[in-house]
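Listed below, chain by chain, are the residues.
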Amino acid sequence: MYTTAHLDLPPLVGVSGSVRLPGSKSISNRVLLLAGLSEGTTRVVDLLASDDTRVMLDALRALGCAIVPDGDALLITGLGGRLHAREARLFLGNAGTAMRPLTAALALLAADQGGVFELSGIARMHERPIGDLVEALRPLGCRIDYLGNPGYPPLRLAPGTLQLGAPIRVRGDVSSQFLTALLLALPLVARERDLVVEVIGELISKPYIEITLNLLRRFGIAVQREGWQRFTIPRGSAYRSPGEIPVEGDASSASYFIAAGAIAAIGAPLRIEGVGESSIQGDIRFVEAARAMGADITSEANALNVKRGAWPLKAIELDCNAIPDAAMTLAVMALYAQGTTRLTNIASWRVKETDRIAAMATELRKLGATVQAGDDFIAVTPPERWRAASIHTYDDHRIAMCFSLAAFNPLAPVTHAMAVRGAEVYQLSPGQGPQALPVRIEDPKCVGKTYPDYFEHLFQVAQARAEDIPVLTVDGPTASGKGTLAGELADRLGFHLLDSGSLYRATALAALRRGVPIDDEAAVARLAGALKLRFDGPHAWLDGEEVTHALRDELVGQSASRIAAFPLVRQALHQLQLSFRRLPGLVADGRDMGTVLFPGAQLKVFLTASTARRAERRYNQLISKGFPANLDTLLADLEARDARDKSRSVAPLRPAEDARLLDNSEMSIDQSVEAVLAWWEAGKPFAASGAAAPEAG
Ligand code: C5P
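Residues numbered from 1 in each chain as written. Predicted model: local features only at pLDDT ≥ 70, side-chain atom pairs only at ≥ 80, totals over all residues. Heavy atoms only, no water.

**Some words on the overall build of the chain**
Here's step 1: In terms of helices and strands, the chain carries 22 helices and 35 strands.
Here's step 2: Summarising its shape, the C-alpha atoms of the chain cover approximately 95 × 65 × 45 Å along the three principal directions.
Here's step 3: Per-residue burial for the chain yields a buried fraction of 55% across its 697 residues.
Here's step 4: Looking at the chain alone, contacts between residues at least 24 apart form 76% of all its contacts between residues at least 6 apart.
Here's step 5: Of the roughly 27,800 Å² that the chain leaves accessible, carbon and sulfur atoms contribute 50%.
Here's step 6: Of the charged side chains in the chain, 73 are positive and 78 negative; the average position of the first set lies 2 Å away from that of the second. (Helix = DSSP H or I, 4+ residues; strand = E, 2+ residues; numbered from the N terminus. Buried < 20%, exposed > 50% of the residue type's maximum accessible area, 1.4 Å probe, protein only. Contact = heavy atoms within 4.5 Å. Areas by Shrake-Rupley, 256 points an atom, 1.4 Å probe, with all protein chains shown as cover. Lys, Arg positive; Asp, Glu negative; His and termini not counted. Charge placed at Lys NZ, Arg CZ, Asp CG, Glu CD.)

Here it is as structure tokens:
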């Protein structure tokens, strides 16, 4: 997950390959609860790992369920309808899908078998209503006390006396989770009689009730329903573990990749694994909407294949009541359509994570689109001229994910007005719009709510032109602090890191270990060309063996400096170094990053510090890692290496002509990082918030 302040998406020009969706949130927590109440052990496969499922798992553990990992799956041994723990305090974060059903289940169990339970969550959870569910449970003999404000969690559940004679009534027009909670929990006490739930008011979010009924069926409970008003749980119902149950991929999460395929899978389809058209999730109906806009989609049992069909996309007018979450993705697809797309019946957008109608309108306008918005609709006309925008995400995962699709702007169809202007201004290439603009996503970690790895997955399947993937180079002499600075910059920007020195070091280490003479240029170059090297953060492996520590050895460093003077060795490592330029960007540290490897880098920094400072830093670094060191020897060695690096015939150490010089002798690491980030920002096209963003060109 990207935890950076913002994430800049380079302009993207294609998608291909396959992506595996995270598990559906709605299905995950229902399955966990059902497995936890069942008799026997259930193997749950492809569960979503997120905040909301973590709190549910913690609660089940506290209640006495055995939960053990089994490969990528979880084995959950349920309570079989009998309380093991008679007392527990459960913290449920902000997970409505845990709070509501656990309240119903534990209130019934406490009334039936005795027990005291406290359920609480984060502050926002204590503002989310639960009174309608409590009102439905109390007439059954459940004792439920509000520990804070009446009508809201936290709650205390205490022993009572079950009375199952009366009809059970629940409101359906506030949250369908109240009905879901009752349906999931009532089979616990349906031993001797049919239990009937009546819905008061119009039931909202019916697709979610369908998921509930479907999963109950998988666990052996056949609820009968009359319309959406009466639900009957038959006498003698008992949860039976299905043995193994796979969690479908999240259909709302699929919408971003379906859209990406419709826009940018130009040859082969993009494969989306984890959900097919027969999914039990309501948002799967996004597939039909995407088809109406032109997407070419085929479905398998558990996968979708999507490619571009009609192009430009077709503008549509659609009632989105059944797919409110996925409909946000349509609003961004509209940027690639011919004409105006109008999405109606979306009033519920106003009361979600944020006022989504206002948020979508504001952010789409930043990109240059013309947007009309009302109480329950939004109408989007594509930009005539795209602008580089910094997208505010309002702590709303879906805003962050759907606006990533704006990064495909180089593919945007050329409108007539664009073409007229573009012919002279932009030198249009066939099939390509006049723009190639990055898109900035603010606070990218908000995707953690449902899809922590969203951007990683996007970068696995998306393509950018190499020259559009930003590179920041940090060159400079040995022990100038490049490594630390570059690592820190990569973290702050969410970029990949190339520590090119480690490639020379690894080559030297391989030569030393295999007895290849260090001065045999051809033999060392052959070694360099066939290095089996793998990096993971600060760790490095050579031929499968971890060499993180060995690479820092002084003898290895000195040998690296010698072999680095050989043109054949440098050539052998060239391609490998270029391959580090991957989405979303690269920080490259070395001697010739700005001059030879990445001459087109967006920012080149040349770092220096006095020889004395560098010797002192190297000394401290070695001592702290437990290597022996001597300051005078280090100083002499640094000078010798500088001389070798500067005087060699190929790629000598020197600043690129357009490099910014940074002498960090008297600067802290933080100060150096801030200085470089300020230069980096100055080169970005995003307008400061509030001001109009500059246009393409
Ligand atoms: O930066 P580091 O000390 O790890 O690099 C080891 C050696 O590799 C350096 O002394 C330098 O001679 C060589 N090198 C190079 N070009 C690079 C990176 C390192 O010549 N881009």
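**Let's talk about helix H7 (residues 251–264)**
Here's step 1: Spanning 14 residues, H7 covers 20 Å between terminal C-alpha atoms, matching the ideal 20 Å at 1.5 Å per step.
Here's step 2: Where burial is concerned, most of H7 is hidden: 14 out of the 14 residues are buried.
Here's step 3: Two or three places before Ser 252, at the opening of H7, Asp 250 has a side-chain oxygen 3.0 Å from that residue's backbone nitrogen. (Expected span 1.5 Å × (residues − 1). Polar contact = N/O pair within 3.5 Å; in protein donor to acceptor, adjacent residues only side chain to side chain.)

**Some words on the pattern of salt bridges**
Here's step 1: With the rule as written, the count across this model stands at 43 salt bridges.
Here's step 2: Among the salt bridges present, the one from Arg 89 reaches Glu 118, with a minimum N-O distance of 3.7 Å. Placement of Arg 89 in strand E7 (residues 87–91) and of Glu 118 in strand E8 (residues 116–120) is noted, with a sequence separation of 29 residues between them.
Here's step 3: What makes Arg 89 exposed here is its relative accessible area of 70%. (Salt bridge = Lys/Arg side-chain N within 4 Å of Asp/Glu carboxyl O.)

**Some words on the packing of helix H1 (residues 25–37) against helix H6 (residues 206–218)**
Here's step 1: Their axes nearest at 10 Å, the elements H1 and H6 cross at an angle of 35 degrees. Handedness of the crossing formed by H1 with H6: right-handed. Facing H1, whose interface residues are Ser 26, Ile 27, Arg 30, Val 31 and Leu 34, H6 presents Tyr 208, Ile 211, Thr 212, Leu 215 and Leu 216. (Axes fitted to C-alpha atoms, helices over the stretch in contact; angles between N-to-C directions. Left-handed = near helix turned anticlockwise from the far one by under 90°.)

**Some thoughts on the packing of aromatic side chains**
Here's step 1: Scanning the model with the defined rule gives 12 aromatic pairs in all.
Here's step 2: Their ring planes at 45 degrees and their centres at 5.6 Å tell us that Tyr 336 and Trp 386 sit as a pair that is tilted. With Tyr 336 in the loop between helix H9 (324–333) and strand E21 (337–338) and Trp 386 in the loop between strand E24 (377–381) and strand E25 (390–391), this pair connects stretches of sequence that are 50 residues apart.
Here's step 3: Using a relative accessible area of 2% as the deciding quantity, one classes Trp 386 as buried.
Here's step 4: Plain terms: the ring middles of Phe 535 and Phe 580 are 6.2 Å apart, the flat faces sit at 65 degrees to each other, and that makes the pair edge-to-face. Residue Phe 535 is located in strand E30 (residues 533–536), and its partner Phe 580 is located in the loop between helix H18 (567–578) and strand E33 (586–590); the two are separated by 45 residues in the primary sequence.
Here's step 5: In this structure an aromatic cluster arises from ring pairing among Tyr 2, Tyr 256, Phe 257, Tyr 451, Tyr 454, Phe 455 and Phe 459. (Phe/Tyr/Trp six-rings, centres within 6.5 Å; stacked < 30°, edge-to-face > 60°.)

**Looking at empty space enclosed by the protein**
Here's step 1: Scanning the model with the defined rule gives seven cavities of 30 Å³ or more in all.
Here's step 2: The calculated volume of the largest cavity comes to roughly 60 Å³.
Here's step 3: Together, Arg 505, Arg 552, Glu 554, Arg 618, Gln 621, Leu 622, Lys 625 and Phe 627 line the largest cavity.
Here's step 4: Broken down by element, the lining of the largest cavity gets its largest block of residues, three residues, from helix H20 (residues 611–624).
Here's step 5: A per-class count over the lining of the largest cavity returns two nonpolar, one polar and five charged. (1 Å grid on protein atoms, 1.4 Å probe; cavity = no way out; pocket = protein on both sides within 12 Å on 5 of 7 lines; lining within 4 Å. Points joined across faces, edges and corners; volume = space filled by probe spheres on them. Nonpolar A, V, L, I, M, F, W, Y, C, P; charged D, E, K, R; others polar.)

**Overview of the packing of H9 against helix H10 (residues 356–366)**
Here's step 1: Where H9 meets H10, the axes come as close as 11 Å, and the angle between the chain directions of the two elements is 20 degrees. On the basis of their axis angle, the class for H9 and H10 is roughly parallel. Judged by the sense of rotation from one axis to the other, the crossing of H9 with H10 is right-handed. Residues Asp 325, Met 328, Ala 331 and Val 332 of H9 pack against Arg 356, Met 360 and Leu 364 of H10.
Here's step 2: Here the contact of H9 with H10 is composed, by residue class, of five nonpolar, no polar and two charged. (Parallel < 35°, antiparallel > 145°, perpendicular 65-115°, else oblique.)

**Some words on the site of the ligand**
Here's step 1: Taken together, 17 residues form the shell around the ligand, and within it Ser 500, Arg 505, Arg 570, Asp 592 and Asp 645 come nearest.
Here's step 2: One of the side-chain N or O atoms of Ser 500 is found 2.9 Å from a nitrogen atom in the ligand.
Here's step 3: Interatomic distance of 2.5 Å between a side-chain N/O atom of Arg 505 and an oxygen atom of the ligand.
Here's step 4: Contact with the protein chains hides 97% of the accessible area of the ligand, taken as 450 Å² for the molecule alone.
Here's step 5: Elements that contribute at least two residues to the shell around the ligand include exactly helix H15 (500–514), helix H17 (554–563) and helix H21 (631–647).
Here's step 6: Per-element tally for the shell around the ligand: the top contributor is H15, with four residues.
Here's step 7: Looking at the shell around the ligand residue by residue, the class counts come to four nonpolar, five polar and eight charged. (Near = heavy atom within 4 Å.)

**Side note on the nonpolar core**
Here's step 1: Formed by 91 residues in total, the largest nonpolar core has its most connected members in Met 360 and Leu 364.
Here's step 2: The element best represented in this core is H7, accounting for 10 residues.
Here's step 3: Non-local contacts of Met 360, meaning those with residues more than four positions away in its chain, are made with Met 328, Ala 331, Val 332, Trp 349, Ile 378, Ile 399, Cys 402 and Phe 403.
Here's step 4: With 80 residues, the next largest nonpolar core counts Leu 33, Leu 92, Val 134 and Ala 181 among its residues. (Core = buried A, V, L, I, M, F, W, Y, C linked by side-chain atoms within 4.5 Å.)

**Some thoughts on the sheet that holds strand E14 (residues 230–233)**
Here's step 1: What the four strands build is an open sheet, ordered E11-E12-E14-E13; its pairing is mixed. The open sheet is flanked by strand E11 (168–171) and strand E13 (224–226), the only strands paired with a single partner. Geometrically, the sheet is characterised by an average inter-axis angle of 20 degrees between neighbouring strands, direction not taken into account.
Here's step 2: Of the strand pairs in this sheet, strand E12 (residues 195–200) and E14 are connected by four bridges, and their pairing is antiparallel. Its bridge partner lying in E14, Val 196 is registered against Thr 232.
Here's step 3: In this fold helix H5 (residues 176–185) packs onto E11, E12 and E14, with an angle of close to 150 degrees to the strand it touches most, E11. (Pairing = 2+ DSSP bridges.)

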